[in-house]
Amino acid sequence: MQLRNSSSRYGWVSIALHWGVALAVYGLFALGLWMVGLDYYSTWRKDAPDLHKSIGLVLLAVMLLRVLWRFVSPPPPTLSSYGRLTRLGAKVGHGALYLGLFAVMIAGYLISTADGVGIPVFGLFEVPALVSGLPDQADVAGLIHLYLAWALVIFSGLHALAALKHHFIDRDATLKRMLGRQA
């Protein structure tokens, strides 16, 4: 399989970034739901949020890399079998996923830095608190983070259903291209 995207399929870098981000998003979502239910005496009470934040910041770096990679190796053009509305839906849908991902991560950053303290990343380094002290910063960012996380998971599920529809009903190469197979 080729490194870069071609006119007919995605390269392994785009495929790895796509599926890695999907895995991280669902993993972070599950971890987030689990950790908010921990009680004061749980041994994971501090470690789970620290892990969630560290993975979230690594995901932010990966998403920045993913955006950069789209410029270095543009995705294959949409299939010629797509109608105008399908092309528009694909552009808007992908844009919403990217925007939602960045927004949920920024909200998470704002929750974590509301008290002016940086965020340690796996104990290796710390991301400084550049924005803190906004009125009700943690509460407002927390609500945004929660609702955006749910929206992302639901919308990414619809994204997956659309890919399956293309594969099983339309019988086109949409899903095959993201799996690295020839269109």
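Residues numbered from 1 in each chain as written. Predicted model: local features only at pLDDT ≥ 70, side-chain atom pairs only at ≥ 80, totals over all residues. Heavy atoms only, no water.

A. Examining the packing of aromatic side chains more closely. Throughout the structure, instances matching the rule amount to three aromatic pairs. Between Phe29 and Trp150 the ring centres are 4.8 Å apart and the planes differ by 90 degrees, which places this aromatic pair in the edge-to-face class. Separated by 121 residues along the polypeptide, Phe29 in helix H1 (residues 12-35) and Trp150 in helix H4 (residues 137-170) bring together distant segments of the chain. Overall, Phe29 belongs to the buried group, its relative accessible area being 16%. (Phe/Tyr/Trp six-rings, centres within 6.5 Å; stacked < 30°, edge-to-face > 60°. Helix = DSSP H or I, 4+ residues; strand = E, 2+ residues; numbered from the N terminus. Buried < 20%, exposed > 50% of the residue type's maximum accessible area, 1.4 Å probe, protein only.)

B. Spotlight on the pattern of salt bridges. Going through the model one piece at a time under the given rule, you end up with two salt bridges. Between Asp50 and Lys46 there is a salt bridge; the shortest N-O distance is 2.6 Å. Overall, Lys46 belongs to the exposed group, its relative accessible area being 56%. For Lys165, the salt bridge identified is with Asp170, shortest N-O distance 2.7 Å. (Salt bridge = Lys/Arg side-chain N within 4 Å of Asp/Glu carboxyl O.)

C. Representation of the UniProt feature "transmembrane region" (unreviewed entry) in the protein chain in the model. Here, the residues flagged by UniProt with the feature "transmembrane region" (unreviewed entry) are residues 12-34, 54-72, 92-111 and 144-164. Helix and strand shares over residues 92-111 are 100% and 0% respectively, and the end C-alpha atoms of the span are 28 Å apart. (UniProt positions renumbered as here; feature names shortened; annotations may be inferred.)

D. The arrangement of the packing of H1 against helix H2 (residues 47-72) in detail. It is the contact of H1 with H2, at a shortest axis distance of 10 Å, that shows an interaxial angle of 155 degrees. Judged on the interaxial angle alone, H2 and H1 are roughly antiparallel. H2 is crossed by H1, and the crossing has left-handed handedness. The residues of H2 that touch H1, namely those facing Val13, Ser14, Leu17, His18, Val21, Ala24, Val25, Leu28, Leu31, Gly32, Trp34 and Met35, are Ala48, Pro49, Leu51, His52, Ile55, Gly56, Leu59, Val62, Met63, Leu65, Arg66 and Trp69. In the contact of H1 with H2, the residues fall into 18 nonpolar, five polar and one charged. (Axes fitted to C-alpha atoms, helices over the stretch in contact; angles between N-to-C directions. Parallel < 35°, antiparallel > 145°, perpendicular 65-115°, else oblique. Left-handed = near helix turned anticlockwise from the far one by under 90°. Contact = heavy atoms within 4.5 Å. Nonpolar A, V, L, I, M, F, W, Y, C, P; charged D, E, K, R; others polar.)

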